[in-house]
Amino acid sequence: MRLAKSGIIEIVLAVVIIAVSFSDASSVLPYYAFFLPLLWIFFMLFDINKARKNLRNKPENEIRISSTNDSYFNILPFILGPILCGVSLLLYFIASMKNPLALVYSILGVVLFIQGLQIIPTVVLSVKEGVLDYQQGKIRKSILIHDLNSYLVTADKIRLNNHEVEVTVFQHLKLTSAEIKLTNEFLEKYIK
């Protein structure tokens, strides 16, 4: 398994931030307390921009649908963002801690909440050169389309049947009615 270039950069940055956090960075960097949340805000804004580009430029031969794991991670920004924003604003106004760092953390909470609005499902179905590709995390599967003769899409799985009575099932999905309709329309274009 090879890590992507962006994954390596994220790991190196995380190690550097953790190492600096445990050192006496405030004596070397006078405004170190501001750097960490500002760096976090910068990376979240970069992630939001990347998600917006992905949502805007959808290929016609690809759809994205939700898995059961998506629901766990999609709710976190909606919980952590308002909590972080609310606590930091309470500390700033009510507790009379007129520290600008509290405002930076409230901005971080707002950006975290906005990041939650940019949801990109993790399961990818795509068709390239007569092959249906399925990708869910590390699970990848390719099936020749001309071998398929029917399909069934439910809220928790996609069942594909071929001419030789062989069945392929993609499980651990959590599809809404809109995603079921979208998946049916997508598969209908390619499976006759």
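Everything here concerns the structure above.
Residues numbered from 1 in each chain as written. Predicted model: local features only at pLDDT ≥ 70, side-chain atom pairs only at ≥ 80, totals over all residues. Heavy atoms only, no water.

## A look at the overall build of the protein
Point 1. A tally of regular secondary structure across the protein gives six helices and seven strands.
Point 2. The proportion of buried residues among the 192 residues of the protein is 28%.
Point 3. Summarising the internal contacts of the protein: among those between residues at least 6 apart in sequence, 60% fall at separations of at least 24.
Point 4. Only carbon and sulfur atoms are counted for the fraction: they give 65% of the accessible area of the protein, which is about 13000 Å². (Helix = DSSP H or I, 4+ residues; strand = E, 2+ residues; numbered from the N terminus. Buried < 20%, exposed > 50% of the residue type's maximum accessible area, 1.4 Å probe, protein only. Contact = heavy atoms within 4.5 Å. Areas by Shrake-Rupley, 256 points an atom, 1.4 Å probe, with all protein chains shown as cover.)

## Notes on the layout of surface pockets
Point 1. The volume enclosed by the second largest pocket comes to roughly 320 Å³.
Point 2. Lining the second largest pocket are 15 residues, with Lys-58, Glu-62, Ile-63, Arg-64 and Leu-182 sitting closest to its centre.
Point 3. Put simply, the parts of the chain that give the lining of the second largest pocket at least two residues each are helix 3 (32-56), strand 1 (62-65) and helix 6 (177-190).
Point 4. Ranked by residues supplied to the lining of the second largest pocket, first place goes to helix 6 with four residues.
Point 5. Residues belonging to the lining of the second largest pocket are distributed by class as follows: eight nonpolar, one polar and six charged. (1 Å grid on protein atoms, 1.4 Å probe; cavity = no way out; pocket = protein on both sides within 12 Å on 5 of 7 lines; lining within 4 Å. Points joined across faces, edges and corners; volume = space filled by probe spheres on them. Nonpolar A, V, L, I, M, F, W, Y, C, P; charged D, E, K, R; others polar.)

## Some words on a nonpolar patch on the surface
Point 1. Taken together, the side chains of Tyr-72, Phe-73, Ile-75, Leu-76, Ile-79, Leu-80, Ile-83, Val-87 and Leu-91 make up a nonpolar region of the molecular surface, amounting to roughly 870 Å² of accessible area.
Point 2. Positionally, Tyr-72 belongs in helix 4 (residues 68-93).
Point 3. Given the relative accessible area of 57%, Tyr-72 is considered exposed. (Patch = residues over 30% accessible without salt bridge, like charges linked within 9 Å, V, L, I, M, F, W, Y side chains within 5 Å. Salt bridge = Lys/Arg side-chain N within 4 Å of Asp/Glu carboxyl O.)

## With respect to the packing of aromatic side chains
Point 1. Summed over the entire model, instances satisfying the criterion amount to five aromatic pairs.
Point 2. Relative to Phe-93, the ring of Tyr-92 lies with its centre 4.9 Å away and its plane at 90 degrees, an arrangement referred to as edge-to-face.
Point 3. Since its relative accessible area comes to 16%, Tyr-92 is described here as buried.
Point 4. Consider the rings of Phe-186 and Tyr-190, whose centres lie 5.2 Å apart with planes at 65 degrees: the pair is edge-to-face. Taken together, the residues span about one helical turn, with Phe-186 and Tyr-190 both in helix 6 at a distance of four residues.
Point 5. Judged by its relative accessible area of 26%, Tyr-190 is partly exposed. (Phe/Tyr/Trp six-rings, centres within 6.5 Å; stacked < 30°, edge-to-face > 60°.)

## Quick look at the packing of helix 4 against helix 5 (residues 100-117)
Point 1. Viewed as axis vectors pointing N to C, helix 4 and helix 5 meet at an angle of 160 degrees, and their least axial separation amounts to 7 Å. The angle between helix 4 and helix 5 falls in the class roughly antiparallel. Read as a crossing pair, helix 4 and helix 5 show a hand that is left-handed. The segment helix 4 lies against helix 5, with Pro-77, Phe-78, Leu-80, Gly-81, Pro-82, Leu-84, Cys-85, Ser-88, Leu-89 and Tyr-92 engaging Ala-102, Leu-103, Tyr-105, Ser-106, Leu-108, Gly-109, Val-110, Leu-112, Phe-113, Gly-116 and Leu-117.
Point 2. By residue class, the composition of the contact of helix 4 with helix 5 is 16 nonpolar, five polar and no charged. (Axes fitted to C-alpha atoms, helices over the stretch in contact; angles between N-to-C directions. Parallel < 35°, antiparallel > 145°, perpendicular 65-115°, else oblique. Left-handed = near helix turned anticlockwise from the far one by under 90°.)

## Some thoughts on the sheet that holds strand 1
Point 1. What the four strands build is an open sheet, ordered 1-2-3-4; its pairing is antiparallel. Edge positions in the sheet fall to strand 1 and strand 4 (139-144), since each of these pairs with one other strand and no more. The average angle at which neighbouring strand axes cross in this sheet is 15 degrees, direction not considered.
Point 2. Sheet analysis places strand 1 next to strand 2 (residues 123-128), joined by four bridges and oriented antiparallel. Across the sheet, the residue bridging to Glu-62 is Ser-126, located in strand 2.
Point 3. Packing of helix 6 onto the sheet brings it into contact with strand 1, strand 2 and strand 3 (131-136), and relative to strand 1 it is tilted by some 155 degrees. (Pairing = 2+ DSSP bridges.)

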